[in-house]
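Structure assessment
Residue strings, one per chain:
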Amino acid sequence: MLVAAGALLGAILAVLLALAPAAVATTTPSPSPSPSPTQFQNTITGFLRNEGQPLSGVEIKVSGEGFEGTATSTQNGSWSIGVPTQGTYTLELDESTLPQGIKLAEGQENPRTVTFTGTSNVSSIFTFGRGIQIVQADFGQQLLNRLVAGLSFGLLLALAAVGLSLIFGTTGLTNFGHGEMVTLGAVAVFSLSAAGLPFWLAILLALAGSAAYGYIQDAGLWKPLRRRGTGLVPMMIVSIGLALAVRYVILLFFGGSTQQLPYAQSPDIQLGPISISPNNLWSLLISAIVIGAIGFVLLKTRLGKATRAVADNPALAAASGIDVDGVIRLVWVTGGLLAGLGGILWAYYRPGVNFEMGQQILLMMFAGVTLGGLGTIFGALVGSVIVGVFVELTTVFGLTADLKYVGALVIMIVVLLFRPQGILGRRERVG
């Protein structure tokens, strides 16, 4: 059964992910003589915009490490150049190809040097018009913007974390493979969109595939292990191995570069004193609606009450006539669906789709679940929102953007030291 499930999972991944490399060439620049980004895992990318309007047809040149290449910005202003190795490159914008009346801002370095620092993608932004003006931002407005961004991030984090918490509550399993369930949702949308499917259909199929992946995991792997009486620690180690296997299968077919979903780049909109991107606004609304629906199902339906009963005491729930295996199967399907949706929203928040994106968000999911209370569904919601807001607000108080996610680790350590049961968790005797 395990072999059959593994073969089926591999077939699904191969079908979805093999579509991506062939389709990227239709959506990314194909400069000459530079190879397209699909030929190299390392890319230098950027967007050219002047007062919010994209600049198309502008030529970018790159040289270094024995390589030379060019790219031309697309209709949405994006450009991308694949390079063979990570290193230091010289990047130059051909100012003669700029539209009439537009020039680089004063003080813009051109050509400039870009260096890879352990990542497969480097971004470089050219500024046009009057240039970079140092303006003292209003602290209150900046705090409000970061608060809204943190709420948006916290809600999408909660979508992914609820499934993780449900799985832990009903089975006791700490599932380290949950991050790859997040990745698969975003990768499936990119692959299906790149294959030419309408965007809305790609999302629906990706969510269906995420739910199916959760079903296959439980039916082919976790249920047989539970029947054999496998301990929780060995099962946790299996989840780590599964996560590594799926991650590198994705790398094999999808590649190591970061790709963008359709409509990933859009200028911010102003809602009173709040400045927010349309993607973040949609993410906030979708997350709030879905989380509200989850809360309604858990509190007001028989299915939700059965799920909470299994999470509270599986043996007593079974004695009461509840189909425990059926509830656990449903939890895995729901967890996969929510993780896939969270992965799609996470790809827009980052922005970008990468084979490691699930691993990057996994720590923050654990932090949210730990803060709210392990195994408590509503605790995962509360904890994730707090982590999301905390992560974003740290940048207001001087922490660099590259280090803001470290706050999630700090929260998890502090909670485990002083209140290991979490905000909504219950104290239990151990030993």
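Notes on the structure follow. (Residues numbered from 1 in each chain as written. Predicted model: local features only at pLDDT ≥ 70, side-chain atom pairs only at ≥ 80, totals over all residues. Heavy atoms only, no water.)

**Here's the deal with the overall build of the protein chain**
- Looking only at helices and strands, the protein chain features twelve helices and eleven strands.
- Expressed as a percentage of its 431 residues, the buried residues of the protein chain come to 49%.
- Considering only contacts within the protein chain whose residues lie at least 6 apart along the sequence, 72% involve residues at least 24 apart.
- On the protein chain, roughly 20300 Å² of surface is accessible, and the fraction owed to carbon and sulfur atoms is 62%. (Helix = DSSP H or I, 4+ residues; strand = E, 2+ residues; numbered from the N terminus. Buried < 20%, exposed > 50% of the residue type's maximum accessible area, 1.4 Å probe, protein only. Contact = heavy atoms within 4.5 Å. Areas by Shrake-Rupley, 256 points an atom, 1.4 Å probe, with all protein chains shown as cover.)

**Remarks on the packing of helix H2 (residues 139-171) against helix H6 (residues 278-300)**
- Look at H2 against H6: their axes get within 9 Å of each other, and the N-to-C directions meet at 45°. One element, H2, and the other, H6, form an angle in the oblique class. As H2 runs across H6, the sense of the crossing is left-handed. Contact with H2, carried on its side by Val148, Leu151, Ser152, Leu155, Leu156, Ala158, Leu159 and Val162, involves Asn280, Ser283, Leu284, Ser287, Ala288, Val290, Ile291 and Ile294 of H6 and no other residues of that element.
- Here the contact of H2 with H6 is built from residues that sort into twelve nonpolar, four polar and no charged. (Axes fitted to C-alpha atoms, helices over the stretch in contact; angles between N-to-C directions. Parallel < 35°, antiparallel > 145°, perpendicular 65-115°, else oblique. Left-handed = near helix turned anticlockwise from the far one by under 90°. Nonpolar A, V, L, I, M, F, W, Y, C, P; charged D, E, K, R; others polar.)

**Details of the pattern of salt bridges**
- Taken as a whole and judged by the stated rule, the model has five salt bridges.
- A salt bridge links Arg146 to Glu392; its shortest N-O distance comes to 2.4 Å. Residue Arg146 is found in helix H2, and its partner Glu392 is found in helix H11 (residues 377-393); the two are separated by 246 residues along the sequence.
- Given the relative accessible area of 0%, Glu392 is considered buried.
- The salt bridge involving Arg329 is made with Asp218; its shortest N-O contact spans 2.5 Å. (Salt bridge = Lys/Arg side-chain N within 4 Å of Asp/Glu carboxyl O.)

**What about the nonpolar core?**
- Membership of the largest hydrophobic core comes to 78 residues, with the highest contact counts inside it found for Trp222, Leu261, Trp346, Val353, Ile361, Met365 and Val387.
- Tallying contributions element by element places helix H9 (residues 324-349) first for this core, with 14 residues.
- Leaving out residues up to four positions away in the same chain, Ile361 has contacts with Leu156, Leu157, Val182 and Trp346.
- Of all hydrophobic cores here, the second largest spans 22 residues; its members include Leu48, Leu55, Val83 and Val114. (Core = buried A, V, L, I, M, F, W, Y, C linked by side-chain atoms within 4.5 Å.)

**Let's talk about the pairing of strand S5 (residues 67-72)**
- In terms of strand pairing, strand S4 (residues 59-64) meets S5 through six bridges, oriented antiparallel. Residue pairing in the sheet places Ile60 in a bridge with Ala71 of S5.
- Hairpin connection of S4 to S5: two residues between the antiparallel strands, including Glu65 at a positive phi of 55°. (Pairing = 2+ DSSP bridges.)

**With respect to unusual backbone geometry**
- With an omega dihedral of 0°, the bond running from Asn110 to Pro111 counts as a cis peptide bond.
- Structurally, the position occupied by Pro111 is in the loop between strand S7 (88-93) and strand S8 (112-115).
- Positive phi values are uncommon outside glycine, yet Glu65 reaches one of about 55°.
- Here Glu65 lies in the loop between S4 and S5.

**Some points on the side chain of Asn354**
- Mapping Asn354 onto the fold places it in the loop between H9 and helix H10 (357-372).
- Residue classification places Asn354 among the buried positions, given a relative accessible area of 5%.
- Within the local environment of Asn354, its side chain forms a polar contact with the backbone nitrogen of Glu356, the two atoms lying 2.9 Å apart.
- The contact partners of Asn354, leaving out residues within four places of it in the chain, are Ser120, Thr183, Phe254, Gly256, Ser257 and Thr258. (Polar contact = N/O pair within 3.5 Å; in protein donor to acceptor, adjacent residues only side chain to side chain.)

**A few points about the environment of Val62**
- In this structure, Val62 sits in strand S4.
- The spatial distance from the C-alpha of Val62 to the C-alpha of Tyr89 is 6.5 Å, given a sequence separation of 27 residues.
- Apart from the residues lying within four places of it in its own chain, the contact partners of Val62 are Ile44, Phe67, Glu68, Gly69, Ile81, Tyr89, Thr90 and Leu91.

**Details of a nonpolar patch on the surface**
- On the surface, Leu363, Val406, Leu409, Val410, Ile413, Val414, Leu417 and Phe418 cluster together into a nonpolar patch covering about 730 Å² of accessible area.
- Ranked by residue count, the leading element in the nonpolar patch is helix H12 (residues 406-418), at seven residues.
- Mapped onto the secondary structure, Leu363 falls in helix H10.
- Judged by its relative accessible area of 33%, Leu363 is partly exposed. (Patch = residues over 30% accessible without salt bridge, like charges linked within 9 Å, V, L, I, M, F, W, Y side chains within 5 Å.)

**Some remarks on the sheet that holds S7**
- Taking strand neighbours across the sheet as the criterion, the four strands line up as S5-S4-S7-S8 in an open arrangement whose pairing is antiparallel. Each edge of the sheet is formed by a strand with only one pairing partner; in this case those strands are S5 and S8. Sheet twist, expressed as the average angle between the axes of neighbouring strands with direction ignored, equals 25°.
- With four bridges connecting them, S4 and S7 associate as antiparallel partners.

**Section: the sheet that holds strand S6 (residues 78-83)**
- Taken together, three strands build an open sheet; the order of strands is S6-S1-S9 and the sheet is mixed. Of all the strands in the sheet, the pair left with one neighbour each is S6 and strand S9 (121-123). Neighbour-to-neighbour, the strand axes of this sheet turn through a mean angle of 20°, independent of strand direction.

**A word on the environment of Ile411**
- Within the secondary structure, Ile411 is located in helix H12.
- Linking Ile411 and Gly368, residues 43 residues apart in sequence, is a C-alpha distance of 8.6 Å.
- Not counting the four nearest positions on each side in its chain, Ile411 is found in contact with Leu371, Val387 and Phe390.

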